[in-house]
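Architecture at a glance
Letter by letter, the chains look like this.
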Amino acid sequence: MSNTSENPNPSSSSAKITLKTSDNELFEVEEAVAMKFCTVKQYFEDEKDNDVAARGSSTVIPLPNVHSAVLARLISYCKKLPQSNAVADNHEEEETKKKERKQYGTPGDLVDLISAANYLDFKEGLEFFNQALADHIQNKSVEYVRKFFGIKGDFEPHEEEKYREEYAWAFEGVDED
Amino acid sequence: MSLNFPITTPPWEVLALVAHYLDPKTLAIASCVCKSWFISMSSDHLWKPICNTHFPNLHFTDLGEQVRHVPYHRLYAIGHAAAKRRVQTPCKPKLSLNDLVFSINIRTKSSNIVTIAKPGEELIFDPNEVFKFDVDNVNYECSSMAAALQDVKITWNVVLSGWKGVFTMMNCEGKVSFSPGAEGWFSEELPSPGCCSGTVASGVVADLTLGFCSRRESGVGKVKVDKVSVGILSIVNWRYVSVDDGLRYLQHFLVPCDD
């Protein structure tokens, strides 16, 4: 998928930035990709101010909160990003996007991806993974959501009854599990 | 789900992020998952913008004290109930056409012209399933009275079978010409149903059409009432109301409320 011809700015495609994950793996990524991560961008720009010569692969940016498996997926997502930021303007497009989101990963994956994207301040990714996770529980029953995330209900029976009463309007017509 | 590894509960910061992507309904259900989710998913921080978008007029900050203690998720529930009340779909009518007999009487000052009594099941339904029925086989003969308009009195009653109730749909006077090809159209506003005050208009009228044709076999000077149709017409859009709406209207007057 990493087709350099898709890069809108080929001159910068040669510049590489090295990222170091929590499990000490090194990733050499194109600058254009790395700059999607605002946390990295900020770090990089601060570094650049200090030492212009440090620009490039000699700089290793540590990402102590991101595991290599997660970073690999973030990078591949980044490369697949469409060039235009156009919002899906028709129903069909929205359906395709929804399908894509649904197949993207397990809930555990998505939780990890959201955490990492949040830490890296990777806006497009954050939006996509959040929406993907939200899609999974959209209009599902309480029991389904608990099973989905492996959560045990910890309410007292009277408490749960009270909350369900309060939200009774929402319990009409939820999807079958 | 066939996940081989145990999934850990999403950390609160992930919940807080995802919460912004949930629609109000899912957010409400998510609030009932467990204690920590209730805190994340029911916060004013999430529900305030939702309330302001969906029900901006429910958010009166100038009332201060009185509304300050209503959490926004509850305010949303109130707004939701209010909106639903407006589009409430009425329940199925308890009456059916088979319970009813339509009786129609047309007379002039001096004589009775025609009296028709038709059980509901013998009425001819309109293909659009509206409350408009043709009454066939009227077959009533009367003398043609040239082109002169005659004063007539029209009464249309709906009788609940077994004489358990009668409602007068129309009791009006009008003019009609007893000549071949002539048509007479009569309408009268119906009273407002239920307990509403008289100032609330019902918005519906009873409507009745008569048609005459010549009758060759009987010789010159005779016409036949060959077409009678009755219906309930909405004056909001000048369309006939649906059969169910018509029955629900009649139900107000013919069946005592039992709740």
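- As recorded in an unreviewed UniProt entry, chain B goes by the name F-box protein, listed as coming from Quercus suber.
- Looking at the Subunit (unreviewed entry) heading of the UniProt record, one finds this comment for chain B: "Component of the SCF-type E3 ligase complex."
- Within the UniProt record for chain B, the comment given under Pathway (unreviewed entry) is "Protein modification; protein ubiquitination."

- As named in an unreviewed UniProt entry, chain A is SKP1-like protein, taken from Quercus suber.
- What UniProt states about chain A under its Subunit (unreviewed entry) heading is, verbatim, "Part of a SCF (SKP1-cullin-F-box) protein ligase complex."

**Concerning the overall build of chain A**
- Along its length, chain A carries 8 helices and 3 strands.
- Counted from the first residue to the last, chain A has its helices and strands arranged as β-β-α-α-β-α-α-α-α-α-α.
- Nonlocal contacts in chain A, meaning residues at least 24 apart in sequence, comprise 62% of its contacts between residues at least 6 apart.
- Put simply, chain A shows about 10,100 Å² of open surface, and 47% of that area lies on carbon and sulfur atoms.

**Some thoughts on the sheet that holds strand 2 (residues 26-30) of chain A**
Residue and element names in this part refer to chain A.
- Here 3 strands make up an open sheet; going across it, the order is 2-1-3 and the pairing mixed. Edge positions in the sheet fall to strand 2 and strand 3 (60-62), since each has one partner strand and no second. On average, each strand axis in the sheet is tilted by 30 degrees relative to the strand beside it, whichever way the strands run.
- Together, strand 1 (16-20) and strand 2 form the strand contacts of helix 3 (residues 68-80), whose direction differs from that of strand 2 by roughly 10 degrees.

**Re the sheet that holds strand 7 (residues 165-177) of chain B**
Residues and elements named next belong to chain B.
- Strand order in the open sheet formed by 4 strands is 2-1-6-7, and the pairing between neighbours is antiparallel. Edge positions in the sheet fall to strand 2 (112-119) and strand 7, since each has one partner strand and no second. On average, each strand axis in the sheet is tilted by 15 degrees relative to the strand beside it, whichever way the strands run.
- Of the pairings in the sheet, the one linking strand 6 (residues 149-160) to strand 7 comprises 12 bridges and is antiparallel in character. For Val-152, the partnering residue across the bridge sits in strand 7 and is Gly-174.
- Relative to strand 7, helix 7 (residues 243-254) is tilted by about 115 degrees, and along the sheet it contacts strand 1 (100-108), strand 6 and strand 7.

**Observations regarding the interface of chain B and chain A**
- At the interface, 34 residues of chain B touch 42 residues of chain A.
- Together chain B and chain A conceal approximately 3,400 Å² of surface at their shared face, both sides included; 70% is due to carbon and sulfur atoms.
- If you sort the residues of chain B by the area they bury against chain A, Tyr21(B), Ile29(B) and Cys32(B) come out on top, with a joint share of 20%.
- Across the contact surface, chain B and chain A share 2 salt bridges.
- A salt bridge links Glu166(A) to Arg74(B); the shortest N-O distance between them is 3.0 Å.
- At the junction of chain B with chain A, the criterion picks out 15 residue pairs in polar contact (both at pLDDT 80 or more).
- Only helix 1 (12-19), helix 2 (24-30), helix 3 (35-41) and helix 6 (72-86) of chain B provide two or more residues apiece to the side of chain B that touches chain A.
- No other element matches the 6 residues that helix 6 of chain B contributes to the side of chain B that touches chain A.

Calculation criteria
- Starting from 1, residues in each chain are numbered consecutively following that chain's sequence as written.
- To label them, take the chains in the order written and letter them from A, then take the ligands in the order written and number them from 1.
- For a predicted model such as this one, the threshold for reporting local features is a pLDDT of at least 70, and the threshold for listing and counting side-chain atom pairs is 80 or more; totals across whole chains, interfaces and linings nevertheless cover every residue.
- The side-chain figures draw on all heavy atoms in the structure; neither hydrogens nor water molecules are used.
- UniProt positions are given in the numbering used here, feature names are shortened, and annotations may be inferred rather than shown by experiment.
- Strands are runs of DSSP state E lasting at least two residues, helices are runs of H or I lasting at least four, and both sets are numbered from the N terminus onward.
- Two residues form a contact once any of their heavy atoms are found within 4.5 Å.
- Methods summary: accessible areas were calculated by the Shrake-Rupley approach with a probe of 1.4 Å, and residue burial reflects only the protein chains presented.
- Strand pairing follows a simple DSSP-based rule, namely that at least 2 bridges must link the two strands.
- Geometry is summarised by axes, namely lines fitted to C-alpha atoms with helices restricted to the contacting stretch, and by angles between N-to-C directions that run from 0 to 180 degrees.
- Put simply, buried area is the surface a 1.4 Å probe can reach on two separate parts but cannot reach once they are joined, added for both.
- Basic side-chain nitrogens of Lys or Arg form a salt bridge, by our definition, when they fall within 4 Å of a carboxyl oxygen of Asp or Glu.
- N or O atoms within 3.5 Å of each other form a polar contact, as long as, within protein, one can give a hydrogen and the other can take it, and as long as residues adjacent in sequence are counted only when both atoms are side-chain atoms.

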